[in-house]
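# Descriptive structure summary
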There are 2 protein chains.
Amino acid sequence: MTTQNGGTGKASPGRTTLKDVAHRAGVSVPTVSRVIAGNYPVATATKRRVERALRELDYVANTHARALRGQGTKTVAFILNDVRGPSFAEVAHGIQEEATRRGRLCLVFVSGGDPRRELEAVGLMRQQGAEAVILIGSVHDDEVYRSRMAAIATSLDQSGSRLVLCGRPPLGDAVPTTVVEYDNEGGAHAITSRLLAAGHRRVLCFGGDAALTTSAERLAGYRRALADFGVAFDPGLVEKATFERGEAYLAMRQRLTRPVDFTAVFALTDAVAAGVLRALTEHGLGVPEDISLAGYDDVPPATDLRPRLTTVHVPYEELGRTAVRLALDRSPGADGPDQHALLGTHVVVRDSIGPPRHRA
Amino acid sequence: MTTQNGGTGKASPGRTTLKDVAHRAGVSVPTVSRVIAGNYPVATATKRRVERALRELDYVANTHARALRGQGTKTVAFILNDVRGPSFAEVAHGIQEEATRRGRLCLVFVSGGDPRRELEAVGLMRQQGAEAVILIGSVHDDEVYRSRMAAIATSLDQSGSRLVLCGRPPLGDAVPTTVVEYDNEGGAHAITSRLLAAGHRRVLCFGGDAALTTSAERLAGYRRALADFGVAFDPGLVEKATFERGEAYLAMRQRLTRPVDFTAVFALTDAVAAGVLRALTEHGLGVPEDISLAGYDDVPPATDLRPRLTTVHVPYEELGRTAVRLALDRSPGADGPDQHALLGTHVVVRDSIGPPRHRA
DNA sequence: CTGTTAGCGCCTTCAT
DNA sequence: ATGAAGGCGCTAACAG
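Note that the structure is a prediction, hence the values are computed from the model and not measured.

With that out of the way, let us pick up the overall build of chain A. Helix and strand counts for chain A stand at 12 helices and 12 strands. Against the globule reference of 21 Å for 360 residues, chain A gives a C-alpha radius of gyration of 27 Å, more extended than a compact globule. Within the span of chain A, comprising 360 residues, buried residues form 52% of the whole. Put simply, 73% of the contacts in chain A that link residues at least 6 apart link residues at least 24 apart.

Following this line, the structure appears as structure tokens:
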């Protein structure tokens, strides 16, 4: 016993290996392996001895070794801005559920919205040999981003993995990605139309950052609805702000120091709507009596707002599930370069929209 | 070239390996490895050739092989009931941040509150060789659970990993675990005291499941406050329900079909408080004019309730960070069997508590 | 400076 | 029914 585990079981600290078990049971390593796999004949007596050793030594297989051999636990990776956002959380949940159902493990990484961290994360996930790498949520859509992502997508594809864009626009048909979007522009069009149909003509579009894909699309829907109703677009009625509740509140309070030249607000996000609602209320403006309010996302907390928020439902959980399903189901050989799913959105009518009130 | 990757680069589909790169650069495998590690002298010319090959072949190291060799990317695993709960999400965020800061990857598993899935998950995480396995949130605290967990903790400990109980009571001093709790009972005591100090004597304790550790502790704090104020405990004023918003609403509506024999409600959770608030409001009862309301958790959406909820702040994110910190910082040799952190809670006073209103 | 050798833990032939 | 051998991809020792 010069080298290491001399005796009857494991001596050194660290994980129990097949060798330890084999020693203890007085058999060879492959025999133990076969008992575990159970797909090969083993004498009943031997089997029992091995099983006892297995139990006594509390053996667990080493996934890394298995992965190296080719057949290890597969994993699905996802990268998001922030787990705390209700909509992201919903997507994450969908991914989890579907991945677990298919016997996959989930790796998570939070990028904080920083493209560099996102890139770094993708690299790590690639090292891990993730079967799919899912990118969740909005992004600054510039040329650098697109070319980098295209390169990454190709790399992943070549190593048998898959880049999935979830709630983010495609990179182009040539790029081997799976894209799972929802009808972002359509939802914005629908809810803005709702506001316009109720008689509103001065609709403040509030929140978001035009450089972000999500904002841009929602803004586009807003503008298209305006055009459909023959209402001129007024840049003064587009107020950029963050997607974050607190800042939206502050920004709206700021806006209210100027004359109120709108009768309705389209908040680009439910969280923004919450902030807007608070600012409005504190300013003595009733919703929907004085000002109508619409949101976007239909996250659970929106139900607790008073009045209950009329908003656009986005199937976030389904988005996550679909992402996993598509990425995993594509036949490994046939490299259909482009998979694309577009999920529908719809307006959920609650209590925050009313007819416009004529103002002095 | 009889076997496989004969020629200049990688021929077979799948990941690029060191061997592929070595072939392409016309050097041996270890040389490539050294160029990558950069901790060993390599001729500049060779180095350049290798680097080019590396780039051209888009090489990424295989974490599993590295892990097998001993020095791979470490990972931290956490298991929770549901990512969608704001408080869980906060803990998850804290874990992420701290783990990433320390160069660890995160594995996540959603158990849906099912103890069996939790057990299964721990097994998977153990196979992965996770450095720490963090269990988040409340649990059904029976004997079976305790003994099973103790066994798992010991197993993990022996393989150099660590079981971390986060927001969940310890298993006993003998069990090698890291426990990161918050002062659950104390927070409940404090906020109930607040209600009692405001003059309330009939306080309905609403929501939760007494079999769950979290509920039990909060209920205990409630009772202790009652005792401190010399108010007799009335079992009729404890209403079990779920922790879930929607069900809480329904349960409260049900309760309101009976006579209103309380002047204040202590909701065991902010989500429950939201449901209760809605039921109360719809029943024509004003908060806090008619009924005072207190919550627990201080999750962000609580700010959007009207009136803004007075509640107990729980440092969830800090809980997550601390869990990672403790688990990773303990000196590997010295097996201090028990690590225990107890984080403080405090009441956040907002607008949902007022003096009791004398009722007919 | 570079290549050869060995071995991490597992599983899959192949040969008893 | 069982053991011996080989190799997954990588890196640390040991030659040269």
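Having put the structure on the table, let's press on.
On to the interface of chain A and chain B. The interface is formed by 50 residues belonging to chain A together with 49 residues belonging to chain B. Both sides of the chain A and chain B interface together cover about 5,000 Å² of buried area, and 54% of this is carbon and sulfur. When the buried surface of chain A facing chain B is broken down by residue, A:His64, A:Arg84 and A:Gln127 rank first, second and third, together holding 13% of it. Remark: the boundary between chain A and chain B carries six salt bridges.

Glancing now at the relation of the copies chain A and chain B. What connects the two chain copies is a rotation about an axis and a shift along it. When chain A is brought onto chain B, the operation consists of a screw motion whose angular component is 180° and whose axial shift is 0.0 Å, with 0.0 Å RMSD remaining. Such a combination of rotation and displacement between the chain copies is what one expects of a two-fold axis. Residue by residue, 98% of the interface of chain A is reproduced at the interface of chain B, so both copies engage with the same surface.

Okay, the protein's contact with DNA strand D next. Near DNA strand D, the surroundings consist of 26 residues, among which A:Thr31, A:Ala43, A:Thr46, B:Leu18 and B:Tyr59 are the closest. Backbone atoms, meaning sugar and phosphate, make up 62% of the atoms of DNA strand D lying within 4 Å of the protein. A:Thr31 has a polar side-chain atom sitting 2.6 Å from a phosphate oxygen of DNA strand D. Between a phosphate oxygen of DNA strand D and a side-chain N or O atom of B:Tyr59, the distance comes to 2.2 Å. Those elements that place two or more of their residues in the surface near DNA strand D are helix H2 (29-37) and helix H4 (63-69) of chain A together with helix H2 (29-37) and helix H4 (63-69) of chain B. Top contributing element to the surface near DNA strand D by residue count: H2(B), with four residues.

This brings us to the UniProt feature "domain: HTH cro/C1-type" (unreviewed entry) in chain A. According to UniProt, the positions carrying the feature "domain: HTH cro/C1-type" (unreviewed entry) are residues 17-60 of chain A. The span residues 17-60 of chain A is 70% helical and 0% strand by assignment, and the distance between its end C-alpha atoms comes to 8 Å.

Looking now at the protein's contact with DNA strand C. The immediate surroundings of DNA strand C are formed by 23 residues, with A:Leu18, A:Tyr59, A:Arg66, B:Ala43 and B:Thr46 found nearest. Close to the protein, within 4 Å, the atoms of DNA strand C belong to sugar or phosphate groups at a rate of 64%. Residue B:Arg69 places a side-chain N or O atom 2.6 Å away from a base nitrogen belonging to DNA strand C. Those elements giving two or more residues to the surface near DNA strand C turn out to be H2 and H4 of chain A together with H2 and H4 of chain B. Split by residue class, the surface near DNA strand C holds 12 nonpolar, six polar and five charged.

Quick look at the UniProt feature "domain: HTH lacI-type" (unreviewed entry) in chain A now. If you check UniProt for "domain: HTH lacI-type" (unreviewed entry), the listed places come out as residues 16-70 of chain A in our numbering. Each end of residues 16-70 of chain A is marked by a C-alpha atom, and these two atoms are 21 Å apart; helix forms 69% of the span and strand 0%.

This part covers the packing of aromatic side chains. By the definition in use, this model includes eight aromatic pairs over all chains. Plain terms: the ring middles of B:Tyr222 and B:Phe233 are 6.4 Å apart, the flat faces sit at 80° to each other, and that makes the pair edge-to-face. Here B:Phe233 lies in the loop between helix H9 (213-228) and strand E7 (238-239) and B:Tyr222 lies in helix H9, a separation of 11 residues in the sequence. Under the relative-accessibility criterion, B:Tyr222 is labelled buried at 1%. Feature note: the residues A:Tyr222, A:Phe233, A:Phe266 and A:Tyr296 constitute an aromatic cluster, connected by ring pairs.

Here the focus is the environment of A:Val260. Here A:Val260 is to be found in the loop between helix H10 (245-255) and strand E8 (264-267). Between the C-alpha atom of A:Val260 and that of A:Leu204, which follows or precedes it by 56 residues, the distance is 10.0 Å.

This paragraph deals with the pattern of salt bridges. All names here are of chain B. Throughout the structure, instances matching the rule amount to 54 salt bridges over all chains. We note a salt bridge from Arg255 to Glu239, for which the minimum N-O separation is 2.7 Å. Of this pair, Arg255 sits in helix H10 (residues 245-255) while Glu239 sits in strand E7; the two residues are 16 residues apart in sequence, bridging distant segments of the chain. A single burial state applies to Arg255 and to Glu239, both of which are buried.

Note on sheets: strands pair through backbone hydrogen bonds, and any given pair is parallel or antiparallel. All names here are of chain A. Taken in spatial order, the four strands of this open sheet run E7-E6-E8-E9, and their pairing is parallel. Looking along the sheet, the strands with just one partner apiece sit at the ends: strand E7 (238-239) and strand E9 (292-294). Pairing of strand E6 (residues 203-206) with E7 involves two bridges; the strand directions are parallel. Counterpart to Cys205 in the pairing with E7 is Val238. Packed onto the sheet, H10 meets E6, E7 and E8 and runs at close to 145° relative to E6.

Turning to helix H6 (residues 115-127) of chain B, a few remarks are in order. Residue and element names in this part refer to chain B. In this model H6 runs 19 Å from its N-terminal to its C-terminal C-alpha over 13 residues, within 8% of the 18 Å that 1.5 Å per residue would give. Of the positions making up H6, those classed as buried are Glu118, Ala121, Val122, Met125, Arg126 and Gln127. One or two steps after H6, the chain reaches Gly129, where phi turns positive at roughly 70°.

What follows deals with the pairing of strand E1 (residues 75-80) of chain B. Residue and element names in this part refer to chain B. When you tally the buried positions in E1, you get six out of six residues, the bulk of the element. Of the two faces of E1, the one lined by Thr75, Ala77 and Ile79 and the one lined by Val76, Phe78 and Leu80 are each fully buried. Taken together, the six bridges between E1 and strand E2 (residues 105-110) define a ladder with parallel strand orientation. Looking at the pairing, Leu80 lines up with Val110 of E2. Following the backbone out of E1, through helix H5 (residues 86-101) and into the adjacent parallel E2, one traces a crossover that is right-handed.

Basis of the calculations
Residues numbered from 1 in each chain as written. Chains lettered and ligands numbered in written order. Predicted model: local features only at pLDDT ≥ 70, side-chain atom pairs only at ≥ 80, totals over all residues. Heavy atoms only, no water. Helix = DSSP H or I, 4+ residues; strand = E, 2+ residues; numbered from the N terminus. Rg over C-alpha atoms; globule rule 2.2 N^0.38 Å. Buried < 20%, exposed > 50% of the residue type's maximum accessible area, 1.4 Å probe, protein only. Contact = heavy atoms within 4.5 Å. Buried area = accessible area lost by both parts, 1.4 Å probe. Salt bridge = Lys/Arg side-chain N within 4 Å of Asp/Glu carboxyl O. Least-squares fit on C-alpha atoms with pLDDT ≥ 70 in both. Near = heavy atom within 4 Å. Polar contact = N/O pair within 3.5 Å; in protein donor to acceptor, adjacent residues only side chain to side chain. UniProt positions renumbered as here; feature names shortened; annotations may be inferred. Nonpolar A, V, L, I, M, F, W, Y, C, P; charged D, E, K, R; others polar. Phe/Tyr/Trp six-rings, centres within 6.5 Å; stacked < 30°, edge-to-face > 60°. Pairing = 2+ DSSP bridges. Axes fitted to C-alpha atoms, helices over the stretch in contact; angles between N-to-C directions. Expected span 1.5 Å × (residues − 1). Right-handed = clockwise from strand over helix to strand, strands pointing away.

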